[in-house]
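Reading the structure
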Amino acid sequence: MNAMDTPVILVEDLVKSYDQVSAVKSLDLEVVSGAMYGLIGPDGAGKTTLLRVLCGLLTPDSGEVQVLGFNPITELARIKDAIGYMPQRFSLYPDLSVAENMRFFADIYRIPKQERIERTERLMQFSRLEPFKDRMAHALSGGMKQKLALSCTLMHTPKLLILDEPTTGVDPVSRVEFWNILRELKDQGVTILVTTPYMDEASLCDRAALMYDGKILAEGTPDQITERYPNKLIRVITEEAHSAAEALKPNEAFESVELYGDRVHVAVRETARGIDLIKELLGRNNVTYDSVAKCEPHLEDIFVHLVKQEE
Amino acid sequence: MLGILPVIRKEFIHIWRDPRTLAIIILMPILQLFIFGYAIDMDVRDIKIGIMDQSRTPASRELIQKFTGSGYFEETVAIQKRAEIEDLFRSRKIKAALIIPVDYAKSIKREGVTSVQVLIDGSDSNTGSIVLNTTRQLLAGASFEISNINRLPMQITSTIWYNPEQESNHFVVPGLVAVLLMMICALLTSITITREKETGTMEQLLVAPLKPYQIIVGKVLPYVVLASVAATIILLIGRFWFKVPFTGSVLLLATLSIIYLVTALAFGILISTIARTQQTAMMMALMATMLPSVILSGFVFPVASMPLFLQGIAKIIPATHFLFIIRGILLKGNDISVLFPYVIYLAALSLLLLVISVKRFKVRLD
């Protein structure tokens, strides 16, 4: 077997519930070595539970779990050094400075002094935290906090990086920066499993899974997932998006009408007829629009579609 | 073992950066020492007494002299009418009243027997009972002089050992060491471990290659050091300011204090395995360790005078046992052979609590 094809994470038929509320229902997942894998889904989809099972923090009710070839429950000690886990909540010490937090993580992972100094320097440049190294962690901005948390998890150069919503609550510029860092890590051969509620971030991954209500609804490369969209999509761009959606919604000729800020996505069976009907309905309701045109479905559209089917 | 060092280092930084914790550890003991040292003064001196001398004879004046000259009482009011007495008690002008009847001297002369009345404010039962005892002694002495017997068949000569002056400080300072060690160790350690759970940092520690004992010992050791510093400060102040005698071996006291420290820490760790938030941990620590240590251990109130049910509880509390140890060593100069049962109890309790805590400590989140 080629090393590249060895699954770093293998989950089969995983079930986990808390007090009769099932968080993960019969879930399968495979992440190969060197992949950047995105787990996309809204709050409460069971993403955090899944990650915690992978890190050995939660015991599954049933199912098979293998991480780097070991069972994270019974053989956790053998993989701890190879995993870097960044929890969803900021889990560093607010009363320790940037440098002190990094030093602490280097120490608990028993990094020798010389290596620690070199790596700290590299990570400081990489995360651009160097000018803030003496600042207390609580005084950092949201983006800087996340970069510090990532730097701490990278102190011991893990083979597998598990990140739980690292960009939630982070400003757009820092988000882009953060994803660039993840790209670099992937290029260095680190396998990354990252969860996010942002659909646009999923398209940055090699593979992604759409997770909803404890299950995976769709899985594959971002292109493979969007190909599964069964309808044609028409995008209406208008300043009166809300009224436009109101005008279109009651019509049964449409598969779905979704409002996204300044645009409305309408799913139809046939493009040309759909565009005509939309224009007619908007005109009849005195809604002005900038454009009505065919568009390629995004992960967001397929996600909404799959969730509707599910319900 | 090396895995503990970074945790210790980090914990010291936390303590150093949080002046409140430092204040709790260093300043509060000193403050409490002075408050308790001076306020819990159970010695009765200069009790305000009102005297109603209806006899007005040399004999009655002699009796009054016995009271006022004893140092225990201070005559504040000469009562004229019986009706005044209640007002004087109510307005707290007097704590006791001595009423000498009109026929006091006459009765002594004629019958050799007489009576006086003593009224005592019982609203403060502690002081009340001490006043009662004191008056009894004074009156017994007086009767002895009045009666013409030269020699009583039995003479009582009482000598109080170990604390001949009956200084409450000598009693309170060692007690305070017991209470404060329990407080610092149980309260602060339960809070510091729970804090990691509450803020989510425990999640990181559990994923890191640290063993549970490394996390716990690493977090707890700094508090052992600080508690020892605090205990030393209390004892030094006790020795040099309050002049508490150090009769026994200081080395023995230090060794046994460490055992007691471990018991207190074990309590704190156990609480941290139960409580989910710092607030709950604090409440639990206060209820389970602080209150019993202060109220039931014999720190202030003697265990022997408690109802049987509470005596039973008192016997379980670690502070009760440590009080026997520390008072025994400091005041009586006890050696290990006498203190052995208490030491065994504390050691066994610590072991039990630690075993339960380690079993309860969750290496997972569920």
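Since the model is a prediction, treat every value here as computed from it, not as a measurement.

1. Some points on the overall build of chain A
- Secondary structure summary: chain A contains eleven helices and 13 strands in total.
- Across the 311 residues that make up chain A, the buried fraction comes to 44%.
- Taking contacts inside chain A between residues at least 6 apart in sequence as the whole, the part at least 24 apart equals 69%.

2. Notes on the overall build of chain B
- A tally of helices and strands in chain B yields 14 helices and four strands.
- Against the compact-globule benchmark of 21 Å for 366 residues, chain B has a radius of gyration of 27 Å, which places it well outside the compact range.
- Principal-axis analysis of the C-alpha atoms gives chain B an extent of 95 × 45 × 40 Å.
- Residue burial in chain B is summarised as follows: out of 366 residues, 37% are buried.

3. Examining the domain arrangement of chain A
Residues and elements named next belong to chain A.
- When cut into domains, chain A gives domain 1 (3-226) and domain 2 (230-310).
- Taking only C-alpha atoms, the centre of domain 1 and the centre of domain 2 are 36 Å apart.
- Counting residues at the interface gives twelve residues for domain 1, matched by nine residues for domain 2.
- For the side of domain 1 that touches domain 2, the elements supplying multiple residues, two or more each, are α7 (199-202), β8 (207-212), β9 (215-220) and α8 (222-227).
- A per-element tally of the side of domain 1 that touches domain 2 places α8 first, with three residues.
- Looking at the side of domain 1 that touches domain 2, its residues break down into nine nonpolar, two polar and one charged.

4. A few points about the domain arrangement of chain B
- Assigned domains within chain B: domain 1 (4-40 + 167-360) and domain 2 (47-146).
- In this structure, domain 1 of chain B and domain 2 of chain B have C-alpha centres spaced 47 Å apart.

5. Concerning the interface of chain B and chain A
- Taken together, the contact between chain B and chain A spans 19 residues of the former and 21 residues of the latter.
- Secondary-structure elements contributing two or more residues to the side of chain B that touches chain A are α1 (4-17) and α8 (201-207) of chain B.

6. Some remarks on the environment of D290 of chain A
Residue and element names in this part refer to chain A.
- With respect to the helices and strands, D290 occurs in the loop between α10 (271-284) and β13 (291-295).
- The exposed category is assigned to D290, around which 11 C-beta atoms lie within 10 Å.
- C-alpha separation for the pair D290 and V236, spaced 54 residues apart in sequence, amounts to 7.6 Å.
- Here D290 is in contact with I237 and T238, once residues within four sequence places are set aside.

7. A few points about the nonpolar core
- In this structure, I162 and I192 of chain A together with A178, L181, I184 and C185 of chain B are the most contacted members of the largest nonpolar core, which totals 148 residues.
- Broken down by element, the residue count for this core peaks at 18 residues, all from helix α7 (residues 168-199) of chain B.
- Apart from residues lying up to four places away in sequence, C185 of chain B is in contact with Y223, A227, L261, A264, L265 and G268 of chain B.
- Listed in part, the 17 residues of the second largest apolar core include M52, A96, L98 and V131 of chain B.

8. Comments concerning the sheet that holds strand β4 (residues 62-67) of chain A
Residues and elements named next belong to chain A.
- With respect to topology, three strands assemble into an open sheet ordered β2-β1-β4, the strand pairing being antiparallel. Of all strands in the sheet, those bounded by a partner on one side alone are β2 (21-32) and β4. Averaged over all neighbouring strand pairs, the angle between strand axes comes to 20 degrees, with direction disregarded.
- Where strand β1 (residues 7-18) lies against β2, eight bridges are found, and the strand directions are antiparallel. Bridge pairing in β2 places P7 opposite V32.

9. Some remarks on the sheet that holds strand β1 (residues 47-53) of chain B
Residue and element names in this part refer to chain B.
- Here four strands make up an open sheet; going across it, the order is β2-β1-β3-β4 and the pairing mixed. Two strands bound the open sheet, and with one partner strand each, they are β2 (73-78) and β4 (117-120). Between one strand axis and the next, the sheet turns by 25 degrees as a mean value, whatever way the strands run.
- Two strands pair when backbone bridges link them, and strand β3 (residues 96-100) and β4 are joined in this way by four bridges, in the antiparallel orientation. Looking at the pairing, I99 lines up with Q117 of β4.

10. Quick word on unusual backbone geometry
Residue and element names in this part refer to chain A.
- The backbone of D13 shows a phi angle near 55 degrees, a positive value even though the residue is not glycine.
- Position of D13 relative to the elements: it lies in strand β1.
- C-beta crowding within 10 Å serves as the criterion here: with 13 such atoms nearby, D13 is assigned to the partly exposed category.
- Look at T157: it is not a glycine, yet its phi comes out positive at around 40 degrees.

11. Brief notes about the pairing of β1 of chain A
Residue and element names in this part refer to chain A.
- Counting the residues between successive antiparallel strands, the hairpin from β1 to β2 contains two residues, one of them, D19, with a positive phi of roughly 40 degrees.
- The pairing of β1 with β4 spans five bridges and is classified as antiparallel. The residue bridging L10 from the neighbouring strand is Q66, located in β4.

12. Observations concerning the environment of R92 of chain B
All names here are of chain B.
- For R92, the position within the fold is in the loop between α4 (84-90) and β3.
- With 10 C-beta atoms counted inside 10 Å, the residue R92 sits in the exposed group.
- On a C-alpha basis, the gap between R92 and D121 in space is 9.1 Å, while along the polypeptide they are 29 residues apart.

13. Things to note about the confidence of the model for chain B
- Considering every residue of chain B, the mean pLDDT works out to 85; 93% of them sit at 70 or more.
- Interface confidence for the predicted complex, given as ipTM, is 0.83, next to a pTM of 0.78.

14. Considerations on the packing of helix α10 (residues 250-274) of chain B against helix α11 (residues 278-295) of chain B
Residues and elements named next belong to chain B.
- Interhelical geometry of α10 versus α11 gives an angle of 140 degrees and a closest axis separation of 10 Å. Classified by the interaxial angle, the pair formed by α10 and α11 is oblique. Seen from above, α10 lies across α11 with right-handed handedness. Between α10, through F267, G268, I271, S272 and I274, and α11, the contact on the second element is made entirely by A281, M284, A285, A288 and T289.
- Within the contact of α10 with α11, the residues separate by chemical class into seven nonpolar, three polar and no charged.

Parameters at a glance
- Residues numbered from 1 in each chain as written.
- Chains lettered and ligands numbered in written order.
- Predicted model: local features only at pLDDT ≥ 70, side-chain atom pairs only at ≥ 80, totals over all residues.
- Helix = DSSP H or I, 4+ residues; strand = E, 2+ residues; numbered from the N terminus.
- Buried ≥ 20, exposed ≤ 12 C-beta atoms within 10 Å, placed from the backbone.
- Contact = placed C-beta atoms within 7 Å.
- Rg over C-alpha atoms; globule rule 2.2 N^0.38 Å.
- Domains from an automatic or database assignment.
- Nonpolar A, V, L, I, M, F, W, Y, C, P; charged D, E, K, R; others polar.
- Core = buried A, V, L, I, M, F, W, Y, C linked by C-beta atoms within 7 Å.
- Pairing = 2+ DSSP bridges.
- Axes fitted to C-alpha atoms, helices over the stretch in contact; angles between N-to-C directions.
- pLDDT = per-residue confidence, 0-100.
- Parallel < 35°, antiparallel > 145°, perpendicular 65-115°, else oblique.
- Left-handed = near helix turned anticlockwise from the far one by under 90°.

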